[in-house]
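An overview of the molecular structure
Next come the chains, spelled out residue by residue.
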Amino acid sequence: MTKDRTRPTVVVVGLGGTIAMMPSDRDGAARPTLSAEDLLAAVPQLDGTDVAIQTLSFAGKPGASLTLDDIDRLAGRLRAMAGEGTVDGIVVTQGTDTLEETAYLLSLLYTERAPLVVTGAMRAPHLAGADGPANLLAAVTVAASPHARDLGVLVVFNDEVFDPARVRKTHSTSTGAFTAPDTGALGIVAEGALRLLAVPAHQPHPLTGSLDRQVRVALYTATLGDDGALLETLLDQVDGIVIAGFGVGHVPESWVPVLAKAAQKIPVVLASRTGAGTTLTRAYGFDGSEKDLLSRGLIGAGHLDPYKARHLLTVLLRAGADTDTIRATFAPAGTTPQGRG
């Protein structure tokens, strides 16, 4: 792959998803069939930009079928590509079902200076008002912008730019499905340019080697009336667990002995199931409160939602981190957002 030295070069990487889905002749239901080249052909406005575009069709899966191994391999490929200096930016198109998760995973695994922008679509190309072309155009615009350099991974959707650590899919069908409840968007794309208002939070990069270890990390959500019997059974089958607790990090009192025992054997991370806000550390002191659970060895997730906390814990365990390293990594990852350092 060679770089056009006269204008920025952006590589568009296709993973599949709704943005690449067309109805099947067999039953009329949409499945991922379009290549990265096909997606670009649907955006003639790209011809009017000063960007040289290359393509890579990496996978053709629905977002729900992507795996951590897929994203690990993708991150390695993109690190090598950006490290060679042949591209100024990267756009990854994928399914929205898991976009908030894969974008955060990539932010943990991708460390190059060239921006990596993740986007997709809520409406398939054959539907009226398909949003894929507009999202792709905006994503290429951001990836090519010098203002995005050194910002790592970004999510671009509906002309808004998001921090992957804060973005969430908050609607099942709306083209404005992606929001960041705690911080809002970092900026917008307007008149063909990136208008950046803030920068992403600094993200930990826990990968010190290959993710060779196979681990199983569970996510278990607290719900009213759950006595913890299923939780106790689950803990014997996992290498780590994230508890999506009530409010600022609370669980039923009956769970406390189970979680205290588990925290002596495996990392147990405490997150909030609410979708916004943070876990606390000392506001409440009853049995099953955040103060009680942290005193028994649980690790606070802070501002990280349960999905992202699970991925951070999984990557750390697969990289061979011990409990002290995991605790130290979660401390800044879950606190108030800071500028990138």
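For the structure, check the block above.
To start, this report covers the structure provided alongside it. Just so you know, these numbers come straight off a predicted model, no measurement behind them.

Quick look at the sheet that holds strand S13 (residues 217-221)
The 4 strands are arranged S13-S14-S15-S16 in an open sheet whose pairing can be described as parallel. Only two strands of the sheet have a single neighbouring strand rather than two, namely S13 and strand S16 (299-300). Pairing between strand S14 (residues 240-245) and strand S15 (residues 268-272): 5 bridges, direction parallel. Across the sheet, the residue bridging to Gly245 is Ser272, located in S15.

Let's talk about the sheet that holds strand S6 (residues 116-119)
Strand pairing in a sheet relies on backbone hydrogen bonds, with the paired strands running either antiparallel or parallel. Here we have 8 strands laid out as an open sheet, ordered S4-S1-S5-S6-S7-S8-S11-S12, and mixed in their pairing. Where the open sheet ends on each side, the last strands, each with one partner, are strand S4 (52-61) and strand S12 (193-196). Between one strand axis and the next, the sheet turns by 25° as a mean value, whatever way the strands run. When strand S1 (residues 9-16) meets strand S5 (residues 89-93), the two strands line up parallel, connected through 5 bridges. Bridge pairing links Val13 to Val92 in S5. Sitting on the sheet, helix H2 (residues 68-83) is in contact with S1, S4, S5 and S6, with an inclination near 165° to S4.

With respect to the environment of Gly285
Within the secondary structure, Gly285 is located in the loop between S15 and helix H7 (290-295). What makes Gly285 exposed here is its relative accessible area of 58%. For Gly285 and Leu40, which are 245 residues apart along the polypeptide, the C-alpha to C-alpha distance reads 56 Å.

Structural notes on empty space enclosed by the protein
Inspection of the entire model under this criterion finds 1 cavity of 30 Å³ or more. Here the largest cavity defines a volume of roughly 130 Å³. If you trace the largest cavity, you find 15 residues lining it, with Asp182, Gly275, Ala276, His303 and Asp305 closest to the centre. Here the residues of the lining of the largest cavity sort into 5 nonpolar, 6 polar and 4 charged.

Details of the packing of helix H8 (residues 306-318) against helix H9 (residues 323-333)
One can describe the packing of H8 onto H9 by two numbers: an axis separation of 11 Å at closest approach and a directional angle of 145°. The handedness of the crossing between H8 and H9 comes out as right-handed. Contacts from Ala309, Leu312, Leu313, Leu316 and Leu317 of H8 reach H9 at Ile326, Thr329, Phe330 and Ala333. Broken down by class, the residue content of the contact of H8 with H9 amounts to 8 nonpolar, 1 polar and no charged.

Rules and cut-offs
- Throughout, a residue's number is its position along its own chain's written sequence, starting from 1.
- Restriction of local features to residues with pLDDT of at least 70 applies here, the model being predicted, together with a cutoff of 80 or more for giving and counting side-chain atom pairs; totals for whole chains, interfaces and linings are based on all residues.
- Hydrogens are left out, water is left out, and the side-chain values use all remaining heavy atoms of the structure.
- A strand pair is defined by DSSP finding two or more bridges across the two strands.
- The helix count covers DSSP runs of H or I at least four residues long, the strand count covers runs of E at least two residues long, and both are numbered beginning at the N terminus.
- Between the N-to-C directions of two axes lies an angle of 0 to 180 degrees, each axis being a line fitted to C-alpha atoms and, for a helix, fitted only over the stretch in contact.
- Should any heavy atoms of two residues lie within 4.5 Å, those residues are considered in contact.
- Relative accessibility under 20% of the residue-type maximum defines a buried residue, over 50% an exposed one, and the middle range a partly exposed one, all with a 1.4 Å probe and only protein chains included.
- Definitions used for this entry: grid spacing 1 Å over protein atoms alone; cavity, a set of points where a 1.4 Å probe fits but cannot get out; pocket, an open set with protein on both sides within 12 Å along at least 5 of 7 lines; lining residue, one with an atom within 4 Å of a point.
- Grid points are joined across faces, edges and corners, and a volume is the space filled by probe spheres set on the points.
- Gly falls in the polar group here, along with every residue not listed as nonpolar (Ala, Val, Leu, Ile, Met, Phe, Trp, Tyr, Cys, Pro) or charged (Asp, Glu, Lys, Arg).
- Here a crossing is called left-handed whenever its near helix is offset anticlockwise from the far helix by less than a right angle, and right-handed whenever the offset is clockwise.

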